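Listed below, chain by chain, are the residues.
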Amino acid sequence: MRRNSLPPGTTLSPHCRLKPHERLKTPMAEPKTNAERQPEDASSSQLEAVRRDKLRRLREMGVDPWGGRFDDRLLIGAITARAGEVKFQQEDGSQVEVPPLVKHEGLDPKTGRATTQWMVEEAAGEAPVAFRDWVTKLGAGEFHGPKVRAAGRVVLQRDKGKLLFLDIQDWSGRIQLFVGRDQVGPENWELIRCIDLGDIVGVDGELRRTRLGELSIFADRLHILTKSMVPPPEKHHGLTDPELRQRMRYLDLTYGEGVLERFRNRTKIVESIRGTLSRAGFCEVEGPTLHSIAGGAAARPFITHHNTLDMQLFLRIALELHLKRLLVGGMERVYELGRVYRNEGISPRHNPEFTMLEAYQAFGDYRTMMDLTERLIVEAIEATGGKSRVTWGDAVIDFTPPFARRTYDELIAEHAGVDPRDAVAVAAEASRLGFVPAGKHPDVVKNFVFEQRVEERLQGPVFVIDYPASICPLTKRKRENPEIAERFELYIRGMEIANAYTELNDPDLQEELFKTQLAGLPEEDSMARMDTDFVRALRHGMPPAGGLGVGIDRLVMLLTGAPSIRDVILFPLLRTEIA
RNA sequence: GCCCCCUUAGCUCAAUUGGCAGAGCAACUGACUCUUAAUCAGUAGGUCGUUGGUUCGACUCCAACAGGGGGCACCA
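All of these numbers come straight from a predicted model, not from anything done at the bench.

1. Some remarks on the confidence of the model for chain A
Consideration 1: Averaged over all residues, the pLDDT of chain A equals 86, while 90% of them reach at least 70.
Consideration 2: In this model, residues 1-40 is a region of pLDDT below 50 whose contacts with residues beyond four sequence positions or in other chains number 13 contacts.

Set out below in structure tokens:
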């Protein structure tokens, strides 16, 4: 930090972060219109002033409101797991175990708010008893349990005067703190009076139950570890505005129900994929993200520039061509899991940057990759603790392997009601759907029909196999039928999740296909831009191989029940916020 | 790029036909040592996204702009 680089004895006021000449460059303009005025309205500055006042009081007490290292705390999840150690100690010294408790949740008919009550099930078949009544029957005594230390953010607070209940939350769970004025002592109580919702606190205390049964840390001492200067969102609803949820993801993670869990599941899925590939003998690499030719997919790239080389560059749209160069180089099983960038539309299924897995296996083919795909998905589901039947929206997706395998033509016949071998009938159907088939390759026309009529009906998971060769320029053809490419796409809920080929390794054919693509289509629509360096690599001999691409974000959507890709990307692209 | 919808207190949401801008949570003051979406009494908090227009009068009607959401197109 900058503070550490200052000479001893020098202090840096937070109001003087800019050097003097920088401050002169940005004189404060007098606000003229509402648009220019800072939206520091009375209400929010008033709320912050209250917290700044508490900050000042803490400093006057000699307490650092920004805390520091806090060793030896237990995760709250680990603490709640020790609930069984909490016992009721009667006056004669005998200990009573706490029987199994059941949480009764209801709605207050007056306020419509949730109510909770802990009930004791003493014996099977008998009506449960309120915990409070169960305790009363035990007579005089107290609960006792282990001494624990925890830390977390204050998410709920109930002030009873000389008694304060705080719910604190860390990333493993939530627990109630019981804080009594007489129990913590007057000095600590003064400090506790400066705690607000949203602050991060540490606690030392004893794990016990309250008379209503709630497992709680009975605080001996509270520590302020970080003061929060801004009030948190509404305690029950959290943030609902999708814009705020994305711009202030930290609040969404803290207060949004299931949000943190969803992103941790994303991490687990990615870890699982790496594990599956590693166990299958794959080697992870990092290819370049700055490409001089944006190849490997049909997409418009982001354009950038390198100053010293004075060179136009593109952010990569795919991982493919460099991974294949590595196949040539002898990396027999190789993969990359990383970001690609496509300068295209934004939708609930599209973000301009997204995470892609591409894996290549020498001496395999597209069927090899089909098996691998199934394993990747099944193991990812296991990693998140899920079952093979996953709920997504109002539907259930059954991931029990093997996934269905259907040919492209079969599906066209089934869903579009057209004979896929009859080019005239296919063209007629395409016209009916608003496509002008004239001058287009018959397979392009057929693919339009597929996209319009078939894709959205593929609830899946289903492997669509055997695509028309002419729409797959990087794919090897079937030996017995050169019209068909050895390719599959995995569809789930109408979304393309994975795409795999038996990779084309004939350099002459590859070069020819690059040229035909370039001749027939505008540059930005071209599947493959001529990449002579890649063709040169192929000339040295790329082993026959299977290649697989998986859209990780979409897979995570399906496995975590997210309706939008922006729910599984921590910081999706947004327009810059106006000041 | 095109079409539709949304934007009201820090947060979540109301506001009748164009006629004084409302509630809950959060905050503040007070009461309460076993509460749990605590409760009770009181207080404060608003340029109704922005800029124009229509009107005696606009949160409300119209236009433009900004941000967001959905759909189409593009794509995965």
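2. Here's the deal with the packing of helix H13 (residues 408-416) against helix H15 (residues 442-454)
Consideration 1: Packing of H13 against H15 brings their axes to within 10 Å, and their N-to-C directions diverge by 55°. Between H13 and H15, the interaxial angle falls into the category oblique. Taken as a pair, H13 and H15 cross one another with a handedness that is left-handed. Here Tyr408, Asp409, Leu411, Ile412, His415 and Ala416 of H13 lie close against H15, whose contacting residues are Lys446, Asn447, Val449, Phe450, Arg453 and Val454.

3. Quick look at the packing of aromatic side chains
Consideration 1: Scanning the model with the defined rule gives 13 aromatic pairs in all.
Consideration 2: With centroids separated by 4.2 Å and ring planes inclined at 20°, the aromatic side chains of Phe178 and Phe218 adopt a geometry described as stacked. Taken together, the positions of Phe178 in strand S9 (residues 173-180) and Phe218 in strand S11 (residues 215-226) put the pair 40 residues apart, joining distant regions of the chain.
Consideration 3: Judged by its relative accessible area of 14%, Phe178 falls in the buried class.
Consideration 4: Relative accessible area serves as the criterion here: at 12%, Phe218 is assigned to the buried category.
Consideration 5: With centroids separated by 4.8 Å and ring planes inclined at 80°, the aromatic side chains of Phe463 and Phe488 adopt a geometry described as edge-to-face. Residue Phe463 is found in strand S21 (residues 462-468), and its partner Phe488 is found in strand S22 (residues 484-492); the two are separated by 25 residues along the sequence. Each member of the pair Phe463 and Phe488 is classed as buried.

4. Thoughts on the domain arrangement of chain A
Consideration 1: The domain boundaries assigned to chain A delineate domain 1 (76-226) and domain 2 (259-403 + 460-567).
Consideration 2: Here domain 1 and domain 2 have C-alpha centroids that lie 50 Å from each other.

5. A short note on the sheet that holds strand S13 (residues 290-291)
Consideration 1: The strand order across the open sheet formed by 3 strands is S13-S15-S14, and the pairing between neighbours is antiparallel. Of all strands in the sheet, those bounded by a partner on one side alone are S13 and strand S14 (303-306).
Consideration 2: With 4 bridges joining them, S14 and strand S15 (residues 311-315) adopt antiparallel strand pairing. Residue pairing across strands places His306 opposite Met311, the latter belonging to S15.

6. Notes on the pairing of strand S18 (residues 389-392)
For a regular strand, side chains alternate in direction, first toward one face of the sheet and then toward the other.
Consideration 1: Alternating residues of S18 divide into Val390 and Trp392, all buried, and Arg389 and Thr391, none buried.
Consideration 2: The sheet contact formed by S18 and strand S19 (residues 395-398) spans 4 bridges and is antiparallel. The residue bridging Arg389 from the neighbouring strand is Asp398, located in S19.
Consideration 3: Where S18 folds back on S19, the antiparallel hairpin that results is connected by 2 residues, among which Gly393 adopts a positive phi of roughly 65°.

7. Quick notes on H15
Consideration 1: Along its 13 residues, H15 runs 17 Å from first to last C-alpha, staying within 8% of the 18 Å computed at 1.5 Å per residue.
Consideration 2: All of the buried residues in H15 are Asp443, Val445, Lys446, Asn447, Phe448, Val449, Phe450, Arg453 and Val454.
Consideration 3: Elements in contact with the buried residues of H15: H13, helix H14 (423-432), S21 and S22.

8. Considering the nonpolar core
Consideration 1: Judged by nonpolar contacts, the single largest core of 44 residues is most densely connected at Ile273, Leu277, Leu357, Phe399, Phe488 and Leu548.
Consideration 2: Looking at this core, the element that brings in the most residues is helix H12 (residues 366-383), giving 8 residues.
Consideration 3: With residues near it in sequence (within four places) discarded, Leu277 still touches Phe282, Tyr335, Leu357, Ala359, Leu372 and Leu376.

9. Observations regarding empty space enclosed by the protein
Consideration 1: Throughout the structure, instances matching the rule amount to 2 cavities of 30 Å³ or more.
Consideration 2: Of the pockets and cavities examined, the largest cavity occupies roughly 40 Å³.
Consideration 3: Taken together, Ile273, Leu357, Thr373, Leu376, Ile377, Val550, Ile552 and Leu555 make up the lining of the largest cavity.
Consideration 4: Of all the secondary-structure elements, those providing two or more residues to the lining of the largest cavity are H12 and helix H18 (552-560).
Consideration 5: When residues of the lining of the largest cavity are assigned to their parent elements, the largest contribution, 3 residues, is made by H12.
Consideration 6: Residues that form the lining of the largest cavity fall into these classes: 7 nonpolar, 1 polar and no charged.
Consideration 7: Lining the second largest cavity, in full, are Val155, Leu197, Pro232, Pro233, Lys235 and Tyr255.
Consideration 8: Among the residues making up the lining of the second largest cavity, the classes are represented as 5 nonpolar, no polar and 1 charged.

Definitions and cut-offs
- Residues numbered from 1 in each chain as written.
- Chains lettered and ligands numbered in written order.
- Predicted model: local features only at pLDDT ≥ 70, side-chain atom pairs only at ≥ 80, totals over all residues.
- Heavy atoms only, no water.
- pLDDT = per-residue confidence, 0-100.
- Contact = heavy atoms within 4.5 Å.
- Axes fitted to C-alpha atoms, helices over the stretch in contact; angles between N-to-C directions.
- Helix = DSSP H or I, 4+ residues; strand = E, 2+ residues; numbered from the N terminus.
- Parallel < 35°, antiparallel > 145°, perpendicular 65-115°, else oblique.
- Left-handed = near helix turned anticlockwise from the far one by under 90°.
- Phe/Tyr/Trp six-rings, centres within 6.5 Å; stacked < 30°, edge-to-face > 60°.
- Buried < 20%, exposed > 50% of the residue type's maximum accessible area, 1.4 Å probe, protein only.
- Domains from an automatic or database assignment.
- Pairing = 2+ DSSP bridges.
- Expected span 1.5 Å × (residues − 1).
- Core = buried A, V, L, I, M, F, W, Y, C linked by side-chain atoms within 4.5 Å.
- 1 Å grid on protein atoms, 1.4 Å probe; cavity = no way out; pocket = protein on both sides within 12 Å on 5 of 7 lines; lining within 4 Å.
- Points joined across faces, edges and corners; volume = space filled by probe spheres on them.
- Nonpolar A, V, L, I, M, F, W, Y, C, P; charged D, E, K, R; others polar.

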